[in-house]
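These are the residues of each chain, in order.
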Amino acid sequence: MIPFLELGSAYRELKSEIDDAVSRVLSSGSYILGKEVADFEEQFAAYCEAEACIGVGNGLDALHLALLAVGVGPGDEVIVPSHTFIATWLAVAQCGAKPVPVEPDSRTFNIDPERIEQALTDRTRAIVPVHLYGQPADLDPILSVARKHGLKVVEDAAQAQGASYKGRRIGGHGDAVSWSFYPVKNLGAIGDAGAVTTNDPEIARRLRLLRNYGSEVRYYNDEIGYNSRLDPIQAAILGVKLRHLDAWNARRQVLADMYLDSLRDCIELPTTIPFTRSVWHLFVVRHPKRDELQRRLAEAGVGTIIHYPVACHQQKAFADRGFRASDLPIAQKLAETVLSLPMGPHLSTADCAAVIERVKSTVAQMGEPGAPSGA
Ligand SMILES: *Cc1c(COP(=O)(O)O)cnc(C)c1O
């Protein structure tokens, strides 16, 4: 059986370094914020080519607090991709604002910048592009729409640690960039963790307040804040893993190239844009009989996952917003057809080759025609 992803390998590769980092924190006697968190924030900001990094509890909080920090509040509208992980929408709703979905470019899975302007109203406050599956969204046209209309841009970069857009790392293009270090991410903690990067000192200052009870000086509370601080044990572990991120992302690229070369005539593949560098958080193919393909691959010993099986506008959580399935046909279609193949820095070449062979033979057995046309 080839699992979709096996997380223990990263720990085994770095066991002594990680164990040392954890025991350093345990012995330090400092268990909230402090030097470990500040050190990781400095390293991650430098890695992302951003001025500041603020460590928070998880990726959803990173988005929520970043939206609050740029001024999103009740009654505002925020542009979100129709095809994304639910956290993007939840964070907007948590601010009391309304998520306004915009359909993706179905070749790249990312928000289609051409469709944003028609979704704006006089209540629109911000745009949240998501760098889905590891490939940066097309930021330049998004940033120029935002500038033209006085909107803030908060990037959801949970799946894009190390990715770059037009030669510059993701982390400081928009007003704020939110990160998740949930264990499966390209840079993953051993538990929950997240961060926001920004080049704006005022947004950074607000985030430091918001994550810590709205307080800059202990027991003096300037606003209704939250408790969402990056844990120092996770910060120490992330500091170790950050040193290996580029090598791990390079390994993902090798595996993605194997899939791209070998499955070209067999199944619909992800499209890469020349001026972005994806970090292949996921390798997502499409097939008209996706559920059957997934079932047959499982029988053949290949673990796959669907990212994501229910479009955000179809989730019960948003049932009171009056969306119909047909409002967002591209998101709907993607939810019905996407399938993520095994991908991760510790997937062996032999296992990747075995996945390729089994996908080829399964698709052939299913009798579908060759490379299907675009969604
Ligand atoms: C993982 C993820 C999040 C949320 O991160 P958590 O740390 O699980 O809260 C947000 N957005 C996207 C696109 C994600 O993939």
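Residues numbered from 1 in each chain as written. Predicted model: local features only at pLDDT ≥ 70, side-chain atom pairs only at ≥ 80, totals over all residues. Heavy atoms only, no water.

Trainee: Would you mind showing me how to read the packing of aromatic side chains here?
Mentor: Note on aromatic pairs: each is described by the distance of the centres and the angle between the planes. Enumeration according to the criterion identifies 12 aromatic pairs in this entry. Between Phe40 and Phe181, the ring centres sit 5.6 Å apart and the planes meet at 85°, which makes this aromatic pair edge-to-face. With Phe40 in helix H3 (residues 34-47) and Phe181 in the loop between strand E8 (176-180) and strand E9 (194-198), this pair connects stretches of sequence that are 141 residues apart. With a relative accessible area of 0%, Phe181 lands in the buried category. Between the aromatic rings of Phe44 and Phe181, the centroid separation amounts to 5.3 Å while the plane-to-plane angle is 85°, which identifies the pairing as edge-to-face. Highlighted residues: Phe44 in helix H3 and Phe181 in the loop between E8 and E9, separated in sequence by 137 residues. Taken together, Phe40, Phe44, Tyr47, Trp179 and Phe181 form an aromatic cluster joined through their ring pairs. The ring of Phe275 has Lys166 lying over it, and the distance from NZ or CZ to the ring centre is 4.9 Å. (Phe/Tyr/Trp six-rings, centres within 6.5 Å; stacked < 30°, edge-to-face > 60°. Helix = DSSP H or I, 4+ residues; strand = E, 2+ residues; numbered from the N terminus. Buried < 20%, exposed > 50% of the residue type's maximum accessible area, 1.4 Å probe, protein only. Lys NZ or Arg CZ within 6 Å of the ring centre and 35° of its normal.)

Trainee: When you look at the nonpolar core in this model, what are you seeing that I'm missing?
Mentor: Generally speaking, nonpolar side chains in soluble globular proteins are found buried as a group. Of all hydrophobic cores here, the largest spans 43 residues; its most connected members are Phe40, Phe44, Ile79, Ile116, Trp179 and Phe181. Only H3, strand E3 (98-102), helix H6 (139-149), E8 and helix H8 (232-242) provide two or more residues apiece to this core. Once residues within four sequence positions are removed from consideration, Phe40 is found in contact with Phe181, Leu187, Leu230, Ala235, Leu238, Gly239 and Leu242. Trp280, Phe283, Val284 and Leu339 belong to the second largest nonpolar core, which has 38 residues in total. (Core = buried A, V, L, I, M, F, W, Y, C linked by side-chain atoms within 4.5 Å. Contact = heavy atoms within 4.5 Å.)

Trainee: I tried to follow helix H5 (residues 87-94) on my own but got confused; where do I start?
Mentor: Each α-helix turn comprises 3.6 residues. Residues three or four places apart therefore point the same way. Listed in full, the buried residues belonging to H5 are Ala87, Thr88, Trp89, Ala91 and Val92. Along its buried surface, H5 packs onto helix H4 (59-69), strand E2 (77-81), E3 and strand E5 (152-156). Taken from the residues just after H5, Gly96 is the one with a positive phi, measuring 80°.

Trainee: Would you mind going over the environment of Leu63 with me for this structure?
Mentor: Along the chain, Leu63 turns up in helix H4. For Leu63, a relative accessible area of 2% corresponds to the buried category. Taking the C-alpha atoms as reference, Leu63 lies 21 Å from Ile32; in sequence the two are 31 residues apart. Once residues within four sequence positions are removed from consideration, Leu63 is found in contact with Ala87, Thr88, Ala91, Val128, Val154, Asp156 and Ser178.

Trainee: Please explain the packing of helix H2 (residues 15-28) against H8 as it appears in this structure.
Mentor: Their axes nearest at 9 Å, the elements H2 and H8 cross at an angle of 150°. Classified by the angle between their axes, H2 and H8 sit roughly antiparallel to one another. The hand of the H2/H8 crossing is right-handed. In this structure, H2 contributes Glu17, Ile18, Ala21, Val22, Arg24, Val25 and Leu26 to the contact, and H8 contributes Pro232, Ile233, Ala236, Ile237, Val240 and Lys241. When grouped by side-chain class, the residues that make up the contact of H2 with H8 number 10 nonpolar, no polar and three charged. (Axes fitted to C-alpha atoms, helices over the stretch in contact; angles between N-to-C directions. Parallel < 35°, antiparallel > 145°, perpendicular 65-115°, else oblique. Left-handed = near helix turned anticlockwise from the far one by under 90°. Nonpolar A, V, L, I, M, F, W, Y, C, P; charged D, E, K, R; others polar.)

So yeah, pure geometry; function would need other evidence.
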